[in-house]
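Structural features, examined
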Amino acid sequence: MKPLLVLALVALAGVSAAWTNGALPDMMDARYDYAVCNVDYATDWLSMREDCADSTDVPVFDSSSYVTDLEDDLGDLEEAKDEANQVEFGLGMWQLGADSLELIGAVFQDAFTNKTGEFFSCVREGEAPLIEVHDTCFDAAMEKERDVSKDYVNNELEYANGQIAELQAVGADTSDMEEIVEDGETLVDDIDPAFDTKNPTEIAKLYARHSRLVLLFRLEQMVATIDYAKPIIEAGNNENKDEILSRGTALRDDTEELISECAYSADVENNFEYGRQNLECWDEALDLYQEFNALGGLILEGA
C-alpha cells in the first residue's frame, strides 16, 4: 500500500477515533451534586408536608414509592458517575427527570383533596428553610461545575489542536477547524460571566453552544480529511476508486450543507430552539459519520 494512502487512512481514522476527556468524571460528579440537591429537597419537603398533614389533621397521599424511585435513580446515577459511563449517566438523568415530574403531578393532584388553609400555611412556613438549604447546596454544585467546565473545554481544545497538528503535518487545510477552536476559546472566556449570574438559563446556553462547536469541528474535520484524501485516491490504483471518489464528493457536499444549516452563533436567544436544532444537526451528522467510516472500509477493500 502506498505511503500516502496509509496517511489518508490514518487521517480518516483520526476523525472517528475514540477519545475520553480527562475532566469527564469531575463533570459528571458536579452534575450528580445537582441531582442530590434536588432529591434531598424533594424527600425533606415531602416529610415536612406529611408532618403538616398530621398536625392539621388532613390526609395526604402515600409518597413512599415516589421517594424510593428518586433514591433508586440517584443510586443509578452514582454508579454511572463512578464508572464514568456517560451514556448511562445521561439515561439516569433523564429517568430522574421523568420520575420527578410524576411526583410533581401526584402532589398537584393531592393538593385539591380535602386540604385546609391551615395545612397550606404550615407547608409554606416549613418549606422556607428547606429552600434555603437547597439553594446553598445548588450554589456549591454550581461552583464545582464552573471550574470543571473550564477544565473540560480546555481539554477538548487541546485535543482539537492535536488533531489539527496531525492534519497539518500531512499538508491538509485545517483553516476552518482552526476557526472552530477560536470560537471554543471564546466560550471558555464566557464561562465565568455566565456562572456569575447564578442563572441556570445562562449556564444552559454554554452547553448549547458547546454542543454546536463540537459538532461543527467534527464536520469540518471530515471535510478537511476528504479534501486531503481525494488527490491521493485519484493518483492511486484502488480498483474501486471511482466509487470512493463519487461517494466522497457526495459526502463532502452533504457535510458542507449541514455545516451551513447548523452555523454557529454565540448568541442563544432561545435555549429550547437552539437545543432542538442541535439535536436535529447531530442526528443528521450521525448518518454522515457512518458514510465517512464506510469510505475508509472501501479504501481498504480496493487497495
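This text follows the structure it describes.
For the structure given in this document, a descriptive report is provided here. Just so it is clear, the model here is predicted, and its values are computed rather than measured.

The full count for this structure, using the stated rule, is three disulfides. Two residues, Cys262 and Cys281, share a disulfide whose sulfurs are 2.0 Å apart. Negative torsions about the S-S bond denote left-handed disulfides, and the value of about -105° found for Cys262 with Cys281 makes this one left-handed. A residue pair is termed long-range when its members are at least 10 positions apart, and Cys262 in the loop between helix H8 (241-261) and helix H9 (271-302) and Cys281 in helix H9 qualify at 19 residues. Like Cys281, Cys262 is buried.

All right, on to the pattern of salt bridges then. Summed over all chains, the structure comprises 19 salt bridges. Two residues, Arg247 and Glu243, come together in a salt bridge whose shortest N-O distance is 3.1 Å. Within this pair, Arg247 and its partner Glu243 are both found in helix H8, separated by four residues, close to a single helical turn. For Arg247, a relative accessible area of 27% gives the class partly exposed. Look at Glu243 and you get partly exposed, because its relative accessible area is 37%. Each member of the salt-bridge network shares a partner with another, and the members are Asp29, Asp33, Lys81, Asp82 and Lys144.

The biggest cluster of nonpolar side chains holds 50 residues, and the ones touching the most others in it are Leu215, Leu216, Phe217 and Leu219. Per-element accounting of this core gives the leading share, 15 residues, to helix H7 (residues 200-235). Leu216 has contacts with Ile180, Ile259, Cys262, Ala263 and Tyr264, leaving out every residue within four places of it along the chain. Counting 31 residues, the second-largest nonpolar core is a separate cluster that includes Tyr32, Met48, Val58 and Phe89.

Rules of the game
- Here the residue numbering is sequential within each chain, running from 1 through the sequence in written order.
- In view of the model being predicted, local features appear only for residues whose pLDDT reaches at least 70, and side-chain atom pairs are presented and counted only at 80 or more, with totals across whole chains, interfaces and linings using the full set of residues.
- The side-chain numbers reported here are obtained from all heavy atoms of the structure, hydrogens and water having been left aside.
- Our working definition of a disulfide is a cysteine sulfur pair at a distance within 2.5 Å.
- Numbering of helices and strands starts at the N terminus; helices are DSSP runs of H or I of at least 4 residues and strands are runs of E of at least 2.
- Under the scheme applied here, a residue whose accessible area is under 20% of the maximum for its type counts as buried, over 50% as exposed, and between as partly exposed, the area being computed with a 1.4 Å probe on protein chains only.
- Think of a salt bridge as a Lys or Arg side-chain nitrogen and an Asp or Glu carboxyl oxygen that are within 4 Å of each other.
- For the purposes of this section, nonpolar cores are sets of buried Ala, Val, Leu, Ile, Met, Phe, Trp, Tyr and Cys residues that join through side-chain atoms within 4.5 Å.
- Any two residues having at least one pair of non-hydrogen atoms within 4.5 Å are treated as being in contact.

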